[in-house]
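What follows is each chain in one-letter form.
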Amino acid sequence: MFFVDTLEFEGLGNRSDLAGGPSAAVVIDPPRDIDQIITAAARRGVRIAFVAETHVHNDYVTGGLELARVTGAQYLVPTEAHVSFARTPVADGDTVTVDEGLVLRAIATPGHTPHHTSYALTEDGRDVVAFTGGSLLIGTVGRPDLVEPRLTEKLARAQHASAHRLADEPDDEVPVLPTHGFGSFCSSSQAEGDATTIGKERATNDALILDVDTFVAQMLAGLDDVPAYYTHMGPANAACPLPVDLTPPRRADAEEIASRLATGEWVVDLRSRMAFAEGHVAGSFNFEGEGKLATYLAWLIPWGKPVTLLADTPEQIATAQRELAWVGIDRPAAAATGDPAGWVRAGEEIASFPRARFADLADVRGRGDDVVVLDVRRDSERADGYIDGAVHIRLHELHGRLGEVPDGVVWVHCAGGMRAAIAASLLDAAGRDVVVVDDGFDAAAEAGLTMVRH
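Let me sum up the structure you'll find in this document. Because the structure is a prediction, the values reported are computed rather than measured.

**Let's talk about the overall build of the protein**
Right, on to step 1. Counting secondary structure elements, the protein contains 16 helices and 22 strands.
Right, on to step 2. Relative to a compact globule of 454 residues, whose C-alpha radius of gyration would be 22 Å, the protein shows 24 Å and is just as compact.
Right, on to step 3. Sequence-distant contacts in the protein: of pairs separated by 6 or more residues, those separated by 24 or more amount to 68%.
Right, on to step 4. When the accessible surface of the protein is totalled, it reaches about 18400 Å², and 50% of it is carbon and sulfur.
Right, on to step 5. Averaging the positions of the 38 positive and the 68 negative side-chain charges in the protein gives two centres separated by 3 Å.

**Here we look at helix α12 (residues 358–366)**
Right, on to step 1. The complete set of buried residues in α12 reads F358, L361, A362 and V364. On an axial view of α12, the arc spanned by its buried residues comes to 160°, and they lie on one face.
Right, on to step 2. If you follow the buried residues of α12, they end up packed against β17 (372–375), β18 (386–387), β20 (410–413), β21 (434–437) and α16 (442–446).
Right, on to step 3. Count one or two residues on from α12 and you reach G368, which has phi positive near 90°.

**Looking at the pattern of salt bridges**
Right, on to step 1. Throughout the structure, instances matching the rule amount to 36 salt bridges.
Right, on to step 2. Linking R165 and E169 is a salt bridge whose minimum nitrogen-to-oxygen distance equals 3.2 Å.
Right, on to step 3. Taking relative accessible area as the criterion, R165 reaches 29% and is therefore assigned partly exposed.
Right, on to step 4. Each of D225, D379, R394, E397, R401 and E404 takes part in one network of salt bridges that share partners.

**As for the sheet that holds strand β1 (residues 3–9)**
Backbone hydrogen bonds hold the strands of a sheet together, and the pairing may be parallel or antiparallel.
Right, on to step 1. In spatial order, the strands read β1-β2-β3-β4-β5-β6; together these six strands make up an open sheet with mixed pairing. Two strands bound the open sheet, and with one partner strand each, they are β1 and β6 (88–90). Recorded for the sheet is a direction-independent mean angle of 25° between the axes of neighbouring strands.
Right, on to step 2. Pairing between strand β4 (residues 47–52) and strand β5 (residues 74–78): three bridges, direction parallel. Bridged to A52 within β5 is L76.

**A look at the nonpolar core**
Right, on to step 1. Counting 77 residues, the largest nonpolar core has I48, F287, L309, V327, L374, L398 and V412 as its most contacted members.
Right, on to step 2. Sort the elements by how many residues they give to this core and helix α10 (residues 293–300) lands first, with seven residues.
Right, on to step 3. If we ignore the near neighbours within four places in the chain, the residues touching I48 are L18, A25, V27, I37, A41, L67, T71 and A73.
Right, on to step 4. Formed by 20 residues, the second largest nonpolar core is a distinct cluster that contains L102, Y119, F131 and L177.

**Quick notes on the sheet that holds strand β8 (residues 102–108)**
Right, on to step 1. The mixed open sheet is built from five strands, whose spatial order is β7-β8-β9-β10-β11. Only two strands of the sheet have a single partner each, and these edge strands are β7 (95–99) and β11 (176–178). Looking at each pair of strands side by side, their axes are set apart by 25° on average, direction ignored.
Right, on to step 2. Sheet analysis places β8 next to strand β9 (residues 117–123), joined by seven bridges and oriented antiparallel. By the bridge assignment for β9, R105 is matched with A120.

**Side note on the environment of Q321**
Right, on to step 1. Mapped onto the fold, Q321 is located in helix α11 (residues 314–326).
Right, on to step 2. Placed 11 residues apart in sequence, Q321 and P332 show a C-alpha to C-alpha distance of 7.2 Å.
Right, on to step 3. In contact with Q321, other than residues within four places in its own chain, are D245, L246, T247, P248, P249, R331 and P332.

**Side note on the packing of aromatic side chains**
Right, on to step 1. In the structure shown here, the tally under the stated rule is nine aromatic pairs.
Right, on to step 2. The interplanar angle of 80° and the centroid separation of 5.1 Å between the aromatic rings of Y229 and Y230 together place this pair among those described as edge-to-face.
Right, on to step 3. A residue is classified by how much of its surface remains accessible, and Y229, at 1% relative accessible area, is buried.
Right, on to step 4. What links up through ring pairs into an aromatic cluster is the set F185, Y296 and W299.
Right, on to step 5. Its guanidinium or amino end placed over the ring of Y386, R382 lies 3.7 Å from that ring's centre, counting from NZ or CZ.

**Structural notes on unusual backbone geometry**
Right, on to step 1. The phi angle at D29 is positive, at roughly 50°, despite the residue not being glycine.
Right, on to step 2. Along the polypeptide, D29 turns up in the loop between β3 (24–28) and α1 (35–44).
Right, on to step 3. Located in the positive-phi region is R331, a residue other than glycine, with phi close to 50°.
Right, on to step 4. Of note, R331 is situated in the loop between α11 and β15 (334–337).

**What about the packing of helix α3 (residues 152–168) against helix α6 (residues 212–222)?**
Right, on to step 1. The N-to-C vectors of α3 and α6 enclose an angle of 125°; their axes lie 10 Å apart at closest approach. Put simply, α3 runs oblique to α6. Crossing geometry of α3 relative to α6 is assigned as right-handed. Listed contacts from α6 to T152, E153, A156, R157, Q159 and H160 of α3 are V212, D213, F215, V216, M219 and L220.
Right, on to step 2. Split by residue class, the contact of α3 with α6 holds six nonpolar, three polar and three charged.

**Observations concerning the side chain of D59**
Right, on to step 1. Looking at the secondary structure, you find D59 in the loop between β4 and α2 (64–71).
Right, on to step 2. Despite its burial, D59 pairs with no opposite charge; the closest candidate is K292, at 8.9 Å N-O.
Right, on to step 3. Reaching out from D59, the side chain makes a polar contact with the side chain of N14 at a distance of 2.6 Å.
Right, on to step 4. Setting aside anything within four residues of it in sequence, one finds D59 in contact with L12, N14, H180, S184, C186, Y229, Y230, M233 and V327.

The rules behind each value
Residues numbered from 1 in each chain as written. Predicted model: local features only at pLDDT ≥ 70, side-chain atom pairs only at ≥ 80, totals over all residues. Heavy atoms only, no water. Helix = DSSP H or I, 4+ residues; strand = E, 2+ residues; numbered from the N terminus. Rg over C-alpha atoms; globule rule 2.2 N^0.38 Å. Contact = heavy atoms within 4.5 Å. Areas by Shrake-Rupley, 256 points an atom, 1.4 Å probe, with all protein chains shown as cover. Lys, Arg positive; Asp, Glu negative; His and termini not counted. Charge placed at Lys NZ, Arg CZ, Asp CG, Glu CD. Buried < 20%, exposed > 50% of the residue type's maximum accessible area, 1.4 Å probe, protein only. Arc of directions from axis to C-beta. Salt bridge = Lys/Arg side-chain N within 4 Å of Asp/Glu carboxyl O. Pairing = 2+ DSSP bridges. Axes fitted to C-alpha atoms, helices over the stretch in contact; angles between N-to-C directions. Core = buried A, V, L, I, M, F, W, Y, C linked by side-chain atoms within 4.5 Å. Phe/Tyr/Trp six-rings, centres within 6.5 Å; stacked < 30°, edge-to-face > 60°. Lys NZ or Arg CZ within 6 Å of the ring centre and 35° of its normal. Parallel < 35°, antiparallel > 145°, perpendicular 65-115°, else oblique. Left-handed = near helix turned anticlockwise from the far one by under 90°. Nonpolar A, V, L, I, M, F, W, Y, C, P; charged D, E, K, R; others polar. Polar contact = N/O pair within 3.5 Å; in protein donor to acceptor, adjacent residues only side chain to side chain.

Shown next as structure tokens:
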């Protein structure tokens, strides 16, 4: 009897799978912090015999090479993937025996990348699970524009064909277990739900319903922003991904925090946006540890810039350090925990700014106050409607475009509050008067703010 254990990595919107039988298992698309996988295998009492990558990942640093080295597993990587380390190349139709009666079969599914490979797990000759990586996702498919702009349309067409191939082979009840699509920017559109089957995808997925030309046109029109750090992930994975080092960073006192800020380093406060607004070190940035920390910090920070972490507890520092290692931000320069009053030098004051709702913004505008409304959402979100007169600078561009924000008190908003808090901290650090709108965007129209829709 086979098993599949799925590990979720919410900060990236990805999953990894451990699948096997009574004594041996295969790991699909492992994370960089391999201790979680090793623990899951130990809990099952199985040996990791194979580690399989569906593709050279663009959104995180893999732990596959290190996991194979530590466990002695064979490292399965698509034949056409250009990598600089020894591995077991797999091509379409290749099989390996994971355990007695349990076989893993490679299925060439180009589209997300030219070499993308899915895997079917077969028990006694019958397909029981499809591991689809960045090919067939839940209600959508992986985006085709992360490799090379000139290949995007070609890969989009290949993605359509690959989805059909995956849907045509297994039975309807076979579960589809993708790596991407749970908030990952590797997904071409928002995935729907958290579980699916071949049959459900046949009935609902546009790649399996629409003709290829309609599907490709629709997909290309809907592609959203690509996180800047993706540029660094593919090369890191193709080279030789290094083992992760999760030993605690050195402790920083108030003097060191001030010194690092003075030299232009990033000091990142992981506390809640409510706590940050109430009091923080002037010049620090707020990336909530409970939000999509790895994605947004890696997206905004100048690559290679040292980062110092501030948090309530050492446990929060450890969690953040783990998530940042996923995307290649290794070894924080320093860290501090406790209360912000202890992070500033004697005689210095902590900074703060107000939080508000859209109803408060409506009141201010109703009084005729001249305020700047800054919308930091993505283009795809703004296309569904925006506040009349709002300045639009996407969050990932704001740090480089602060000078474009008009003079005056800035009321900054996003769709729910998390990204607005990041933006408010960037503005606050630059010396601007800011109010963070910590509210759901649906409340804007309900508050009576004039909306523009195209």
